[in-house]
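A closer look at the structure
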Amino acid sequence: MLNIVLFGPPGAGKGTQSERLIEKYNLVHLSTGDIFRANIKMESELGVLAKSYMDQGLLVPDSVTIEMLRSEVSKKQEALGFIFDGFPRTNAQAAALDEVLLTFNTSITMMAALEVEEEELKRRLLNRATTSGRADDGDISIIENRISVYNKETAPVKMFYQNQNKFISINGLGTIDEITTRLFSAIDTKLA
Ligand code: ADP
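Residues numbered from 1 in each chain as written. Predicted model: local features only at pLDDT ≥ 70, side-chain atom pairs only at ≥ 80, totals over all residues. Heavy atoms only, no water.

**Examining the layout of surface pockets**
In this structure, the largest pocket spans a volume of roughly 990 Å³. Contributions of two or more residues to the lining of the largest pocket are made by strand S1 (2–7), helix H1 (14–25), strand S2 (28–31), helix H2 (32–42), helix H6 (118–132), helix H7 (140–154) and helix H9 (176–191). Looking at the lining of the largest pocket residue by residue, the classes come out as 15 nonpolar, 20 polar and eleven charged. For the second largest pocket, the calculated volume is near 220 Å³. (1 Å grid on protein atoms, 1.4 Å probe; cavity = no way out; pocket = protein on both sides within 12 Å on 5 of 7 lines; lining within 4 Å. Points joined across faces, edges and corners; volume = space filled by probe spheres on them. Helix = DSSP H or I, 4+ residues; strand = E, 2+ residues; numbered from the N terminus. Nonpolar A, V, L, I, M, F, W, Y, C, P; charged D, E, K, R; others polar.)

**Digging into unusual backbone geometry**
Between phenylalanine 87 and the following residue, proline 88, the backbone shows a cis peptide bond with an omega angle of -5 degrees. Within the secondary structure, proline 88 is located in the loop between strand S3 (81–85) and helix H5 (91–103). One non-glycine residue, asparagine 165, adopts positive backbone phi at about 60 degrees. With respect to the helices and strands, asparagine 165 occurs in the loop between helix H8 (157–162) and strand S5 (167–171). With relative accessibility at 66%, the residue asparagine 165 sits in the exposed group. (Buried < 20%, exposed > 50% of the residue type's maximum accessible area, 1.4 Å probe, protein only.)

**Looking at the packing of helix H4 (residues 62–75) against H5**
Running from N to C, H4 and H5 point in directions that differ by 25 degrees, and their axes come no closer than 10 Å. In terms of orientation, H4 lies roughly parallel with respect to H5. Regarding H4 and H5, the two cross each other, and that crossing is right-handed. Seen from H4, the contacting residues are Asp62, Thr65, Ile66, Leu69, Arg70 and Val73; seen from H5, they are Ala92, Gln93, Ala96, Leu97 and Val100. Grouping the amino acids of the contact of H4 with H5 by side-chain chemistry returns seven nonpolar, two polar and two charged. (Axes fitted to C-alpha atoms, helices over the stretch in contact; angles between N-to-C directions. Parallel < 35°, antiparallel > 145°, perpendicular 65-115°, else oblique. Left-handed = near helix turned anticlockwise from the far one by under 90°. Contact = heavy atoms within 4.5 Å.)

**Describing the environment of isoleucine 140**
Residue placement: isoleucine 140 occurs in helix H7. The spatial distance from the C-alpha of isoleucine 140 to the C-alpha of leucine 126 is 7.6 Å, given a sequence separation of 14 residues. Ignoring any residue separated from it by four or fewer positions in sequence, one finds isoleucine 140 in contact with Lys122 and Leu126.

Here it is in structure tokens:
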């Protein structure tokens, strides 16, 4: 299996690039943010809980997120591989992901981390708010919260994959096509 963690701060372009990657490599896309938003729409118990954190730019608790992810992975047993988008966001999530994949006799192939500086992230998120309808995109103080949570809790997850020799940094500035080309070439090198 080809299992990719597509990593990066909010607004780095993970969702956009995921679409390109799933098409080229025939992967299943698992975006924890998308799954939470679908649950919010359905007004499920999980959705109500997740919303209370997401609206503030905070992480949904690990226990909840990990259980949800475990159940989504087990629903897709026939997959050729996964793109994990927005997961793992903490070291505890990264350790749990290794465990889940081990029960399916597979593992993470690589983490591709999209690097984008803070000012550009803010610009992109405020711009996305005009079309996404996402409450967490339209408010600069919530955006700043999300970036600071990323720096504190999520950025350290890079080390987790560095220690496993699976970390690859990708320049996230440029056109969407340029960034896709960088990702394809990093993945093809890893596979070769
Ligand atoms: P972005 O990467 O642009 O912030 P996402 O759609 O990935 O957007 O995430 C939106 C929100 O969903 C996050 O701010 C957080 O509240 C919640 N969330 C998503 N993934 C996770 C996760 N793995 N752990 C905890 N919370 C998460």
